[in-house]
Amino acid sequence: MVVSVELDAREVEWRFARDQAIRAFAYNGEVPGPLIEAEVGDTIEVRLTNSLPQATTIHWHGVRVPADMDGTEAVQSPVEPGGVFEYRFVVPDAGTFWYHSHTNETEQLERGLYGGLIVRDPRDPAFDDERILVLDDLKLDDEGEIAPFGDEHEHHAGREGDVRLVNGVLEPELEMPAGTIERWRIVDAANTRFVRLSIGGRPFEIIGTDGGLVPQARAATEVLLTPGERFDLAVGPFEEGERMEIEALPYDRGKGESERERFATLRVGAADASRTEIPATLRQIDPLVEADAEPTRTISLKALMHEGHHQRADPVRVGECQVWELVNETGQDHPFHLHGFFFQVVQENGTTPPEIVWKDTVNVPRKTQTRIAWLPDDRPGEWMYHCHILEHHAMGMMAHFAVVP
Ligand code: C2O
Ligand code: CU
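So, a few notes on the structure that sits alongside this text.

Basis of the calculations
- Residues numbered from 1 in each chain as written.
- Chains lettered and ligands numbered in written order.
- Predicted model: local features only at pLDDT ≥ 70, side-chain atom pairs only at ≥ 80, totals over all residues.
- Heavy atoms only, no water.
- Phe/Tyr/Trp six-rings, centres within 6.5 Å; stacked < 30°, edge-to-face > 60°.
- Helix = DSSP H or I, 4+ residues; strand = E, 2+ residues; numbered from the N terminus.
- Salt bridge = Lys/Arg side-chain N within 4 Å of Asp/Glu carboxyl O.
- Donors = N, O, S within 2.8 Å, 3.2 Å for Na, K, Ca; no water.
- Buried < 20%, exposed > 50% of the residue type's maximum accessible area, 1.4 Å probe, protein only.
- Pairing = 2+ DSSP bridges.
- Axes fitted to C-alpha atoms, helices over the stretch in contact; angles between N-to-C directions.
- Core = buried A, V, L, I, M, F, W, Y, C linked by side-chain atoms within 4.5 Å.
- Contact = heavy atoms within 4.5 Å.
- Polar contact = N/O pair within 3.5 Å; in protein donor to acceptor, adjacent residues only side chain to side chain.

**A short note on the packing of aromatic side chains**
Then, number 1: Summed over the entire model, instances satisfying the criterion amount to 16 aromatic pairs.
Then, number 2: Ring geometry for Tyr 385 versus Phe 401: centroids 5.9 Å apart, planes at 35°, classification tilted. Here Tyr 385 is found in strand S29 (residues 381-387), whereas its partner Phe 401 is found in strand S30 (residues 398-404), with 16 residues between them in sequence.
Then, number 3: Connected via pairs of aromatic rings, a cluster forms that spans Trp 324, Phe 336, Phe 341, Trp 374, Trp 383, Tyr 385 and Phe 401.

**Things to note about the pattern of salt bridges**
Then, number 1: On inspection of all chains with the given rule, the structure shows 43 salt bridges.
Then, number 2: Put simply, Arg 47 and Glu 86 hold a salt bridge, and the shortest N to O gap is 3.4 Å. Pair noted here: Arg 47 is in strand S4 (residues 43-50) and Glu 86 is in strand S6 (residues 84-90), with a separation of 39 residues, a long-range link.
Then, number 3: The salt bridge involving Glu 175 is made with Arg 267; its shortest N-O contact spans 3.0 Å.

**Observations concerning unusual backbone geometry**
Then, number 1: Of note, the amide linkage connecting Val 31 to Pro 32 takes the cis form, showing an omega dihedral of -10°.
Then, number 2: Considering the arrangement of structural elements, one finds Pro 32 in the loop between strand S2 (20-27) and strand S3 (33-39).
Then, number 3: Residue Pro 237 follows Gly 236 across a cis peptide bond; omega there is 0°.
Then, number 4: As for its position among the elements, Pro 237 is in the loop between strand S18 (230-235) and strand S19 (243-249).
Then, number 5: Despite not being glycine, Asn 28 shows a phi value in the positive range, around 55°.
Then, number 6: With respect to the element layout, Asn 28 can be found in the loop between S2 and S3.

**A closer look at the coordination of the copper ion (ligand 2)**
Then, number 1: Protein-derived coordination of the copper ion (ligand 2) comes from His 334 (ND1), Cys 387 (SG) and His 392 (ND1), at a distance range of 2.0 to 2.1 Å.
Then, number 2: For the copper ion (ligand 2), all donor residues lie on one chain, and their spacing in sequence is H-x52-C-x4-H. Of this pair, His 334 sits in strand S25 (residues 334-338) while His 392 sits in helix H4 (residues 390-394), and the two are 58 residues apart along the sequence. Comparing His 334 with His 392, the two get one shared label, buried.

**A look at the sheet that holds strand S5 (residues 58-61)**
Then, number 1: Strands sit in the order S3-S8-S7-S5 across an open sheet of 4 strands; the sheet is mixed. Both edges of this open sheet fall to S3 and S5, since each of them pairs with a single strand only. For this sheet, the mean angle separating the axes of adjacent strands, direction not counted, is 20°.

**Things to note about the sheet that holds strand S10 (residues 163-166)**
Then, number 1: Spatially, the 7 strands line up as an open sheet ordered S11-S10-S9-S13-S18-S15-S16, and their pairing is mixed. Looking at the sheet topology across the chains shown, the edges are occupied by strand S11 (169-170) and strand S16 (212-220).

**Here's the deal with the pairing of S30**
Then, number 1: Across the 7 residues of S30, 6 count as buried, placing the element largely inside the fold.
Then, number 2: Pairing of strand S22 (residues 311-312) with S30, which is carried by 2 bridges, proceeds in the parallel orientation. What sits directly across from Arg 312, in S30, is His 400.
Then, number 3: Here strand S23 (residues 316-317) pairs with S30 via 2 bridges, running parallel.

**What about the environment of Pro 279?**
Then, number 1: When you line up the elements, Pro 279 lands in the loop between strand S20 (261-269) and strand S21 (297-300).
Then, number 2: Distance from Pro 279 to Val 31, taken between C-alpha atoms, is 34 Å for residues 248 residues apart in sequence.

**Structural notes on the nonpolar core**
The tendency in soluble globular proteins is for nonpolar side chains to be buried side by side.
Then, number 1: Formed by 57 residues in total, the largest nonpolar core has its most connected members in Trp 60, Trp 324, Phe 336, Tyr 385 and Phe 401.
Then, number 2: The greatest single-element share of this core, amounting to 4 residues, is contributed by strand S1 (residues 2-17).
Then, number 3: Leaving out residues up to four positions away in the same chain, Phe 401 has contacts with Arg 312, Ala 313, Asp 314, Val 316, Trp 324, Leu 338, Trp 374, Gly 381, Glu 382, Trp 383, Met 384 and Tyr 385.
Then, number 4: Core analysis: the second largest hydrophobic core is formed by 27 residues, Val 166, Ala 178, Val 223 and Phe 238 among them.

**Considering the side chain of Thr 96**
Then, number 1: Residue placement: Thr 96 occurs in strand S7 (residues 95-101).
Then, number 2: Its relative accessible area of 0% is what places Thr 96 among the buried residues.
Then, number 3: Of note is the side chain of Thr 96, whose polar atom sits 2.9 Å from the side chain of Arg 185.
Then, number 4: Looking at Thr 96, its side chain comes within polar contact range of the side chain of Asp 232, at 2.8 Å.
Then, number 5: Residues contacting Thr 96, with those up to four places away along its chain left out, are Leu 117, Ile 132, Arg 185, Val 187, Asp 210, Arg 230 and Asp 232.

Have a look at this one:
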């Protein structure tokens, strides 16, 4: 099937609370932009019209697109005001993805140019219901307008604001029926904010992440999302009348411990019948390499951070398995994002993770190292990796590289 979408990026008034609005940039006037939904194997075609006063592009975060559809300025020229561009690609993997501007991102994402993209597999486990929660924050000035961009502090620490949003709304109240289990697809679309997510401290199950389902559902009471990351959770069942806060627990990403902060409230309504059964095995994922595989390349995040703009990294060859050691000697955590390919985390600071999952963004905590493995499949072209703290990306914490046949 072909899923056709028209996205018009334009300036709009974004009313994120009853008495608060800002001048936003939005796809079709909505923040988040329209949810794009498809099935594995479908073709998505998006006609982007740029009605903004500045150039823009769209990146399909996590989708294994052909290189020329990746939306970076290495593969296309930015779409100028008044211009049009057509993206067209097949979606080969089921999971929770998202799309966002990849031009002047610090400003364009803060102003609202992002949206969810869900790819389903008919064999996915069935839930009583499903929803997507796109988390974001806004930094406003004293007048309630978007605070100016790019001060010195933001360059180093990133941009965080006190306005916390779920699906473009200030701390909304969500509701779900008692007795049911829902699939929540969570996306961290904030420029910088890390979210150590808790749902009233209650247990949930982690069933998926960036690259779709995980092998086995895993019970947890919290999960850390860094900018760009996704987690799919099985949430519930709860009892009628319960109320809980969906919040971020304190976390120190190298800038001191954050406060406990609310994103939304969940209210449990009248009971409904449940037919959800979570299978013991959700999926099989074979390891790409042995746990002690030697790195083929070492990437110093400190050097990446300090060496400035538009670095080129060595090319990689289609079919040659990559083992990259990401070394973070800086004083803050950095979420590392690889465009176009999923990787497996092989080691987290010397220890083997409990299970193998597919990721495209991984937090590398300060003063630690993370080893990842990935296989360049047959999609040669220009690709990139970068820190998904958008202010770090903007100041040059990124590199381009080629996948060569
Ligand atoms: Cu979600 Cu290059 O980014
Ligand atoms: Cu960073």
